[in-house]
Amino acid sequence: MSHETPFWRIRAVLFWVHLVMGTTAGVVILVMSVTGAMLGFEREIVDAIDGAPKATVPAGAVRLPLDTLFARARLAPSDVSLLSIRRDPAEPVVARARARGAPTRLLDPYTGADLPRPTTGRAAETMQAVRRWHRFLGQENGRGVGRTLTGAANLLFVFLGLTGLWLWWPRRWTAAIVRSTTIPAFRLSAKAREFNWHHVAGIWLAIPIILVSASGVFLSYEWPQVMLGVGVGGGGEGRGGGPPAG
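Residues numbered from 1 in each chain as written. Predicted model: local features only at pLDDT ≥ 70, side-chain atom pairs only at ≥ 80, totals over all residues. Heavy atoms only, no water.

Draft legend 1. Examining the overall build of the protein more closely. When helices and strands are counted, the protein shows 9 helices and 3 strands. Each helix (α) and strand (β) of the protein, taken in turn from the N terminus, gives the series α-α-α-α-β-β-β-α-α-α-α-α. The 246 residues of the protein split such that 28% are buried. If you take every contact in the protein between residues at least 6 apart in sequence, the share linking residues at least 24 apart comes to 55%. (Helix = DSSP H or I, 4+ residues; strand = E, 2+ residues; numbered from the N terminus. Buried < 20%, exposed > 50% of the residue type's maximum accessible area, 1.4 Å probe, protein only. Contact = heavy atoms within 4.5 Å.)

Right, here's the structure in full:
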């Protein structure tokens, strides 16, 4: 296939669009990536700095069933967005509230009571700030420029992942080309090494990046949920009145 065909011309244009968008959104994406990695280890960071509350394990006791735990904690399942249960019998049940700004509760798995938090809470406050930077670039609410930028960055990251796969696609399939774009090389010149590392990291991480970014798009906007509802036969619910039900 000639490199002057419309396909390769489009590919050349897409390369520059991919490069410019990646450079433009790079700062926001870097902030979201670093803070997202920190949030992934939030519990471990808070426990390491502030200390981890532990439940007293009664002799021969078993954990409460979840419905009993919710009842004793006076907690409705619909109010919880994430429930974490650890294998360690002394670990509390972590119930993250769905309502924005509501505190995460640490429940005794044997009584349903709230376990006391550390008195300092420095790490917990720090992680709240990290969460604000991850979602809204440090802004207190989700209606400002920060949310607009993070939502746009999520969309751009999906675009970069998809276009990166297309740009990676070899013009000719040979063992040498596949090896040069899927296996990291170290004994190369600076430019060749950067080309190799970019392609290797891109091809191995493209699918996770697309999935994570797409989930961020669903959190940032309402229209993907509406489109998904129409696609699965929802009949376009949520168009007329308010946003679709959570």
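Draft legend 2. Expanded view of the packing of helix α2 (residues 26-40) against helix α3 (residues 42-50). Relative orientation of the contacting elements α2 and α3 amounts to 70°, with a least axis distance of 4 Å. Relative to α3, the element α2 is oriented roughly perpendicular. Of the residues in α3, those in contact with M38, L39 and G40 of α2 are E42, E44 and I45. Residues belonging to the contact of α2 with α3 are distributed by class as follows: 3 nonpolar, 1 polar and 2 charged. (Axes fitted to C-alpha atoms, helices over the stretch in contact; angles between N-to-C directions. Parallel < 35°, antiparallel > 145°, perpendicular 65-115°, else oblique. Nonpolar A, V, L, I, M, F, W, Y, C, P; charged D, E, K, R; others polar.)

Draft legend 3. Structural detail: the sheet that holds strand β3 (residues 105-107). The sheet built from 3 strands is open, its strands ordered β1-β2-β3 with antiparallel pairing. Because the sheet does not close on itself, it has two edges, and the strands there are β1 (80-84) and β3. When the angles between neighbouring strand axes are averaged without regard to direction, this sheet yields 20°. In this structure, β1 lies alongside strand β2 (residues 93-97), joined through 4 bridges in antiparallel fashion. Residue pairing in the sheet places S84 in a bridge with V94 of β2. (Pairing = 2+ DSSP bridges.)

Draft legend 4. Focus on the nonpolar core. Core analysis: the largest hydrophobic core is formed by 9 residues, namely L64, L69, F70, A73, L75, V80, V93, A95 and L107. For this core, the secondary structure elements donating two or more residues are α4 (66-72) and β2. Within the second largest apolar cluster, 7 residues are counted, among which are V28, I29, M32 and L137. (Core = buried A, V, L, I, M, F, W, Y, C linked by side-chain atoms within 4.5 Å.)

Draft legend 5. Local environment of the environment of I45. Residue position: I45 is located in helix α3. With 82 residues separating them along the chain, I45 and M127 place their C-alpha atoms 8.6 Å apart. The residues contacting I45, other than those within four sequence positions of it, are M38, A123 and M127.

Draft legend 6. Fine view of the environment of V27. Assignment of secondary structure puts V27 in helix α2. A residue is classified by how much of its surface remains accessible, and V27, at 59% relative accessible area, is exposed. Residues V27 and A153, spaced 126 residues apart in sequence, show a C-alpha to C-alpha distance of 9.5 Å.

Draft legend 7. Main features of the pattern of salt bridges. Counted under the stated rule, the structure contains 4 salt bridges. Taking the shortest distance from any N to any O, the salt bridge between E42 and R96 comes out at 3.1 Å. Of the two residues, E42 is situated in helix α3 and R96 in strand β2; the sequence distance between them amounts to 54 residues. Relative accessible area serves as the criterion here: at 14%, E42 is assigned to the buried category. The salt bridge partner of D114 is R105, with a shortest N-O separation of 2.7 Å. One salt-bridge network, in which partners are shared between bridges, spans E42, R96 and R131. (Salt bridge = Lys/Arg side-chain N within 4 Å of Asp/Glu carboxyl O.)

Draft legend 8. Representation of the packing of helix α7 (residues 175-182) against helix α8 (residues 190-220) in the model. Between α7 and α8, whose axes approach to 6 Å, the crossing angle comes to 85°. By the angle between their axes, α7 is roughly perpendicular relative to α8. Facing α7, whose interface residues are S180, T181 and T182, α8 presents N196, H199, V200, I203 and W204.

Draft legend 9. Summary view of the confidence of the model for the protein. Mean pLDDT over the protein works out to 81, with 88% of the residues at or above the 70 mark. Overall, residues 236-246 carries pLDDT values under 50, and its contacts beyond four positions in sequence, including any with other chains, amount to 9 contacts. (pLDDT = per-residue confidence, 0-100.)

Draft legend 10. The side chain of N154, seen in detail. Along the chain, the position of N154 falls in helix α6 (residues 145-168). On the basis of relative accessible area, N154 is assigned to the buried category, the value being 11%. Residues contacting N154, with those up to four places away along its chain left out, are M32, S213, G216, V217 and S220.

Draft legend 11. Broad picture of a nonpolar patch on the surface. The grouping of I10, W166, W169 and W173 at the surface amounts to a nonpolar patch, some 470 Å² of accessible area in total. Within the element layout of this structure, W166 appears in helix α6. (Patch = residues over 30% accessible without salt bridge, like charges linked within 9 Å, V, L, I, M, F, W, Y side chains within 5 Å. Areas by Shrake-Rupley, 256 points an atom, 1.4 Å probe, with all protein chains shown as cover.)

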